[in-house]
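Breakdown of the fold
Next come the chains, spelled out residue by residue.
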Amino acid sequence: MDCIRIQNTLSHSRKNWKYDVFVSSRGETRYNFTDHLFAALRRHGILAFRDDTKLQKGGLISAALLEAIEGSQVLIVVFSMNYASSTWCLQELAKITDCIQIPGHHVLPVFYDVSPSEVRKQSGNYEAAFTEHEERFKDDAEMMEQVRRWRAALTQVANLSGWDVKDKSQSAEIEKIVKVVTENLSPKPSSSLSNDIVGMHSRLEKLEKLLVLDSEDDVRVVGICGMGGIGKSTLATILYEKFSHQFDVSCFVDDISKTYRDCGPLGVQKQLLCQAFMGEDFLICNHSMATNLIQNRLRYRKVLIVLDNVDHGIQLEKLALRREWLGNGSRIIIVSRDEHILREFEVDDVYRVQLLNDENSLQLFCRKAFKSNHVAKDYESLTNSTLTYAKGLPLAIRVLGSFLYGRDVSEWSSALVRLKEYPTKDVMDVLRISFDALEDMEKEIFLDIACFFPHETENYVKEILSIRGFHPNIGIRVLIDKSLITRDQWTIKMHDLLRDLGRSIVREKSPKEPRKWSRIWNHKDLSHVLRENETAENLEAIVLPKFDEIKEEVSVEALSKMRRLNLLILNGKVNFSGCLDFLSNELRFLEWKKYPFTCLPSSFQPNNLHKLILRHSNLKELWEGIKDLHNLTHMELCYSKSLVRIPNLSQAPKLSRLNLKGCVKLVQLDASIGALKKLYFLNLENCKSLVSIPNSIFNLDSLRVLNLSGCSKLIEYQLFERPRQSEPSTACQSVQTHMTSSICKTLARPLHFLSSSRSSPNSAGLLLLLPSSLPRFPALRDLDISFCNLVQIPDVIGQLGSLERLNLGGNNIVTLPHCIKELPKLRQLNLQYCKHLKWLPSNLLPMGGTSGRVKYGGTYCGLYVFNCPNLSDLEGCRLTVSSWMIKMIQVNMQSSLPRCIISVVIPGSEIPRWFDKQNTGSSMKLDPSPILDDNNGLIGISCCVTFVVHAVPIQMPEEQKHTGDIISFGFLVNRTDGSFFTVPIHLKKDLITIELDHMFLVFFSRDRLIDDYTSHLKEGVCDLDGIELAYNNVYSEEIIQVKSCGYQWVFKEDLEQLNPTMMFSTSSSSQNQKHKFLAIEDHQ
């Protein structure tokens, strides 16, 4: 593991040195060269032994010196003219030579005013000195042996690489010496970090790459950011200790936020100067003087400066540290929780520290909780629970591990239960620093996300926050910058411990009285408030999530006492009793699944209401009369099976979405719908009793989506109110089975849905939209008229010039209407369950291509021929659809923004031979090598799946009967992380013909594949190893079986050679055609 590798390396290269440097020199250099050398070492933060300052009085000098030599990593010998005349110096030298053989020691000779040759050969003054020693000790055999040893030591050390400084600039040579010393010094271990460096190896590598430490061409500034407790300072400290010796000046300014708060900007500047130039006294009176001193002392020097825990940009501004003052090769590292501060300072790069992975989390926890690298017996499950709670946050892992160390299993269990309600204070205090630094508005946003949306779609979160008046665009950006939330593709995520922090803040003033809180987010506390049935003056928001349930019966009366409530979301099950007489008039967002009452309280004034969502309600009507709805933008009453009418909406000028899907008793729409100038979405799917839509619907120039699927009674009744006297009154009264376009032209009434009572059920038709009516929908992009028993689609649909998606599924058409080719933007056509469909003319397929609306920077195109059992020419159908797919690929790839997904579903049982990678079953491993090469002409990937429906589920959830996609295909990494593309074909319980083989073909352009299906990977496209092509089946294999799958990378040269005739080459020739595309064969 990473941490073990680092520790082993350090254990072999480090020793607990008492000093960095020992200098052996004669007194004649003490007040010149040696003194300057000591000063230079001190400036660089190098601890050097000096015999006139470090020896304790009364101690044995020789013993202390020997100990100092042994305890110093670098040993410098300054050879001067009279060095050899001192027996003391020679004894030091002998000891130094003993250390040469000991790993970790470095010996550096300096020849001050003598030549290396004179020392090596003991000539000149050195010869005279040894003549004296030999004369002096000639009668002492032991000392004569020492003299011989001294001679050998001089020769040995003089042969080492060193510096001859005679007649050279001393200051320049000293700088060279100091540089070599710093290079030889091992990084100093930090006792406080020695057991906490788990998982740091990869982090250090990434940070080192951003710092570009091997470059001396410029000055680089790099920021380190991340949430509190994630290890930013630890990482900076380890990096500083590892590389600080490579710089002329280095300093680590710890906790700038605290220093600035306690001592002001001058205190931070003093700390920087004192650390950078250790031992020097600075007389600093004001900010200007300190700034000038920093500029002058650091000018043109290679420096390493770490500024830890910067929490306001003003702190960097007042520090007045400018990169242009520093010498090339300098590096500044700024540690902050707030990425915006780093960007504002114009750092070159930002390294965002990630949470520990599972392996490293476990290792760190074991070291703290068990003092080993393994989980103790009987603690496995408890360890997993603890790590699930900590979610990779090093601070939490260390604190929890230390707290649980030495405790038995029952104590662990008790502690973990307590954590859910009372998070660890040591962790919360660190995390709260970031919260306390927020502005009031950002605090409210943080608390909403923590309580309600810790893992939710960003657009949904922003919508609710905006409705609450919290300005989410800037607020969410601030929280991301401050590392309080993250953005993962389109999802907002908050760490569980930050979530717990937010919830504890909401509870802190009255932890046992939830009615006094501002927010309630679970059934336990909501049940308490409802049972207590007292005024909740502070309560502003209630969100009961899906699957959360209050089983016991509770009175609804308590809701009437929440006067300040502006957000109410009840998606969980609540067993209410009593009558609802009052709802807060402050409500801005009301979502209540299975609303149990037949109407909203008559006293309710919805003038503040923005969104009203009452799915599966027991409503018969919302209210009587007209109410002020000037803020309402969204009304959703789908699956309210008792709803018979909707209210007058003339006072809802901002209403943009109206969803009445599945309101099976709804008979008519109020005429006020025509006043909704901003309405762009109208869903009337499966409104089976609907018999009338007002003519005023033609005033909806903003309407973009219209769903009339399954509105069966429109066949029996005239869809619109009777026209005024001034309106044309001529109308056909019946529609025959094979209505001609000339009959259509005789119709003068705007937009009729007519049927003939004399027609057989199979020939009953629905005539839709006259030329004088349809052009009144200039913005309509999505039209669904599926399952309306249409025999013929009127040509007048061709006048919907903005139409992009058309669903004709479930109708009784025999062939495609000619009007299809008149739709210039149509790019998606759904023909599922067209049981009478026989022909699929190639000249009538949609060719909208890139002319349609671009969604999320790309285009979706699709043609779906699913469960159409009466197609007379399957071979021709496959040829037609495949040709269409080729044309769509060519059209999209020739556009300026070739980002698209093109999919088709057609009858077929065999993967085309063109797919050179095939596999039996629903998944296969993908070779990602082509996508890693930017210069190989790759334009995308084509995938294919064959599947069959064996049976229909006995029971399907109501919503899934009509919206549940059965085909979902995409890419998985490690069988867990992935993204899928769904195709809008569904299981229809009463219509599905089982045992029909179908083929799903999809083309992903290269850019779409990278952006939508691999961008979530931690290392982007570089992390594609192990990626799989996979089918996501929401049904069991007994219902839907995926038989086989395959894929083929598509290159530019393939695109250039594509043409429809290539697709049906003979079996023999197909093997020789390298670029044959979609050669589809069927062996049914």
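Residues numbered from 1 in each chain as written. Predicted model: local features only at pLDDT ≥ 70, side-chain atom pairs only at ≥ 80, totals over all residues. Heavy atoms only, no water.

1. Comments concerning the overall build of the chain
A count of helical and extended segments in the chain gives 31 helices and 37 strands. By residue count, 55% of the 1084 residues in the chain fall in the buried class. Within the chain, residue pairs in contact and separated by at least 24 positions form 67% of the contacts whose partners lie at least 6 positions apart. Carbon and sulfur atoms form 48% of the exposed surface of the chain, whose accessible area is close to 47,100 Å². (Helix = DSSP H or I, 4+ residues; strand = E, 2+ residues; numbered from the N terminus. Buried < 20%, exposed > 50% of the residue type's maximum accessible area, 1.4 Å probe, protein only. Contact = heavy atoms within 4.5 Å. Areas by Shrake-Rupley, 256 points an atom, 1.4 Å probe, with all protein chains shown as cover.)

2. Observations concerning the packing of helix H15 (residues 358-369) against helix H17 (residues 394-404)
Contact geometry for H15 and H17: axes closest at 7 Å, N-to-C directions at 30°. Overall, the two elements H15 and H17 adopt an arrangement that is roughly parallel. For the element pair H15 and H17, the recorded crossing hand is right-handed. Along the contact surface, H15 presents Ser361, Leu364, Phe365, Lys368 and Ala369, while H17 presents Pro394, Ile397, Arg398, Leu400, Gly401, Ser402 and Leu404. (Axes fitted to C-alpha atoms, helices over the stretch in contact; angles between N-to-C directions. Parallel < 35°, antiparallel > 145°, perpendicular 65-115°, else oblique. Left-handed = near helix turned anticlockwise from the far one by under 90°.)

3. A look at the nonpolar core
For soluble globular proteins, the rule of thumb is that nonpolar side chains tend to be buried together. One finds Trp592 and Leu660 to be the most contacted residues of the largest nonpolar core, which totals 198 residues. Sequence-distant contacts of Leu660, defined by excluding residues within four places in its chain, comprise Leu637, Cys638, Leu643, Ile646, Leu666, Leu669, Asn683, Leu684, Glu685 and Cys687. With 40 residues, the next largest nonpolar core counts Phe866, Val949, Ile1039 and Val1042 among its residues. (Core = buried A, V, L, I, M, F, W, Y, C linked by side-chain atoms within 4.5 Å.)

4. Thoughts on helix H22 (residues 472-481)
Within the sequence span of H22, burial applies to Pro472, Gly475, Ile476, Leu479, Ile480 and Asp481. Close packing links the buried residues of H22 with helix H14 (339-344), strand S10 (349-352), helix H20 (440-452), helix H21 (458-467), strand S12 (486-488) and strand S13 (491-493). At the exit of H22 stands Ser483, carrying a positive phi of roughly 60°.

5. Some remarks on the side chain of Thr182
Relative to the assigned elements, Thr182 resides in helix H8 (residues 170-184). Within polar-contact distance, the side chain of Thr182 engages the backbone oxygen of Lys179 at 2.6 Å. Among residues more than four places away in sequence, those in contact with Thr182 are Ile46 and His245. (Polar contact = N/O pair within 3.5 Å; in protein donor to acceptor, adjacent residues only side chain to side chain.)

6. Some points on helix H18 (residues 409-421)
Among all positions of H18, only Trp412, Ala415, Leu416 and Leu419 are buried. Relative to the axis of H18, the buried residues are bounded by an arc of 100° and lie together on one face. Exposed residues lying more than 90 degrees from the buried face of H18 are Ser410, Val417 and Lys420. (Arc of directions from axis to C-beta.)

7. A closer look at the sheet that holds S10
The strand order S7-S8-S9-S6-S10 describes an open sheet built from 5 strands, whose pairing is parallel. Here the strands that pair on one side only, and so sit at the sheet edges, are strand S7 (249-253) and S10. Here the average twist between neighbouring strands, direction ignored, is 15°. Here 4 bridges tie strand S6 (residues 220-225) to S10, and the two strands are oriented parallel to one another. If you follow Cys225 over to S10, its bridge partner there is Arg352. Its contacts with the sheet place helix H10 (residues 232-243) against S6, S7, strand S8 (303-307), strand S9 (331-335) and S10, and it is angled at close to 160° to S7. (Pairing = 2+ DSSP bridges.)

8. So, the environment of Phe597
Relative to the helices and strands, Phe597 resides in the loop between strand S19 (589-592) and strand S20 (611-613). When the C-alpha positions of Phe597 and Cys579 are compared, they lie 7.9 Å apart, and in sequence the two are 18 residues distant. If we ignore the near neighbours within four places in the chain, the residues touching Phe597 are Val556, Gly578, Cys579, Leu580, Trp592, Asn618 and Leu619.

9. A closer look at the state of the cysteines
A full pass over the atoms with the stated rule returns 0 disulfides. Sulfur of Cys834: no disulfide; nearest cysteine sulfur belongs to Cys868 and is 5.2 Å away. (Disulfide = S-S within 2.5 Å.)

10. With respect to the sheet that holds S12
The strand order across the open sheet built from 3 strands is S11-S13-S12, with neighbouring strands paired in antiparallel fashion. Every other strand in the sheet has two partners, leaving strand S11 (455-457) and S12 as the edge strands with one partner each. If you compare each strand with its neighbour and ignore which way they point, the axes differ by 30° on average. Relative to S13, S11 is paired through 3 bridges, and the arrangement is antiparallel. Each bridged residue has a counterpart across the sheet, and for His455 the counterpart in S13 is Lys493.

11. Quick word on the layout of surface pockets
Computed from the structure, the second largest pocket encloses a volume of approximately 1,300 Å³. Along its surface, the second largest pocket is lined by 46 residues, and Lys420, Arg503, Arg507, Trp521 and Asn522 are the ones closest to its centre. Elements that contribute at least two residues to the lining of the second largest pocket include exactly helix H16 (380-390), H18, helix H19 (425-436), H20, S11, helix H23 (496-507) and helix H24 (523-532). Counting residues per element, the lining of the second largest pocket draws most heavily on H23, at 8 residues. Residues that form the lining of the second largest pocket fall into these classes: 20 nonpolar, 8 polar and 18 charged. (1 Å grid on protein atoms, 1.4 Å probe; cavity = no way out; pocket = protein on both sides within 12 Å on 5 of 7 lines; lining within 4 Å. Points joined across faces, edges and corners; volume = space filled by probe spheres on them. Nonpolar A, V, L, I, M, F, W, Y, C, P; charged D, E, K, R; others polar.)

12. Overview of the pairing of S8
The element S8 is largely enclosed, with a buried count of 5 among its 5 residues. Along S8, one buried face is formed by Val303, Ile305 and Leu307 and the opposite face, lined by Leu304 and Val306, is buried too. In terms of strand pairing, S7 meets S8 through 5 bridges, oriented parallel. Each bridged residue has a counterpart across the sheet, and for Phe252 the counterpart in S8 is Val306. By the bridge criterion, 4 bridges tie S8 to S9 in an arrangement that is parallel.

13. Considering the pattern of salt bridges
Counted by the stated rule, this structure contains 46 salt bridges. Note that Lys425 is salt-bridged to Asp429, the shortest N-O span being 2.7 Å. One end of the pair is Lys425 and the other is Asp429, both in helix H19 and 4 residues apart, which spans about a single turn. A residue is classified by how much of its surface remains accessible, and Lys425, at 57% relative accessible area, is exposed. Judged by relative accessible area, which is 40%, Asp429 ranks as partly exposed. Within the structure, one salt-bridge network assembled from shared partners comprises Glu444, Asp448, Arg468, Arg519, Glu540 and Arg564. (Salt bridge = Lys/Arg side-chain N within 4 Å of Asp/Glu carboxyl O.)

14. Regarding the packing of aromatic side chains
For the structure on display, the rule yields 25 aromatic pairs. Between the aromatic rings of Tyr19 and Phe49, the centroid separation amounts to 5.3 Å while the plane-to-plane angle is 65°, which identifies the pairing as edge-to-face. With Tyr19 in strand S1 (residues 19-25) and Phe49 in strand S2 (residues 48-49), this pair connects stretches of sequence that are 30 residues apart. Residue Tyr19 shares its accessibility class with Phe49, and that shared class is buried. Measuring from centroid to centroid gives 6.3 Å for Tyr1047 and Trp1049, while their planes differ by 80°, and the two rings are edge-to-face. In textbook terms, an aromatic cluster arises when at least three aromatic residues are bridged by ring pairs, as seen for Phe365, Phe370, Tyr379 and Trp412. Its guanidinium or amino end placed over the ring of Tyr405, Lys371 lies 4.9 Å from that ring's centre, counting from NZ or CZ. When the ring centre of Phe582 is taken as reference, the NZ or CZ atom of Arg563 above it lies at 4.1 Å. (Phe/Tyr/Trp six-rings, centres within 6.5 Å; stacked < 30°, edge-to-face > 60°. Lys NZ or Arg CZ within 6 Å of the ring centre and 35° of its normal.)

15. Brief notes about the side chain of Ser510
Of note, Ser510 is situated in the loop between H23 and strand S14 (519-520). Once residues within four sequence positions are removed from consideration, Ser510 is found in contact with Lys516 and Trp517.

16. Remarks on the packing of H16 against H18
For the pair H16 and H18, interaxial distance at closest approach is 11 Å and the crossing angle is 25°. The orientation of H16 with respect to H18, classified from their angle, is roughly parallel. H18 is crossed by H16, and the crossing has left-handed handedness. Residues Leu382, Thr383, Ser385, Thr386 and Tyr389 of H16 lie in contact with H18, whose contacting residues are Val409, Trp412, Ser413, Leu416 and Leu419.

17. Some words on the environment of Thr29
Along the polypeptide, Thr29 turns up in the loop between S1 and helix H2 (33-43). Given a relative accessible area of 0%, Thr29 falls into the buried group. Taking C-alpha positions, Thr29 is 9.8 Å from Met81, a pair spaced 52 residues apart along the chain. Looking at Thr29, its side chain comes within polar contact range of the main-chain oxygen of Arg26, at 3.1 Å.

18. Things to note about the environment of Val306
With respect to the helices and strands, Val306 occurs in strand S8. Among the residues examined, Val306 registers a relative accessible area of 0% and is labelled buried. As for Val306 and Val335, which are separated by 29 residues in sequence, their C-alpha atoms are 7.6 Å apart. With residues up to four places along the chain from it excluded, the contact list for Val306 reads Ala236, Tyr240, Cys251, Phe252, Val253, Ile333 and Val335.

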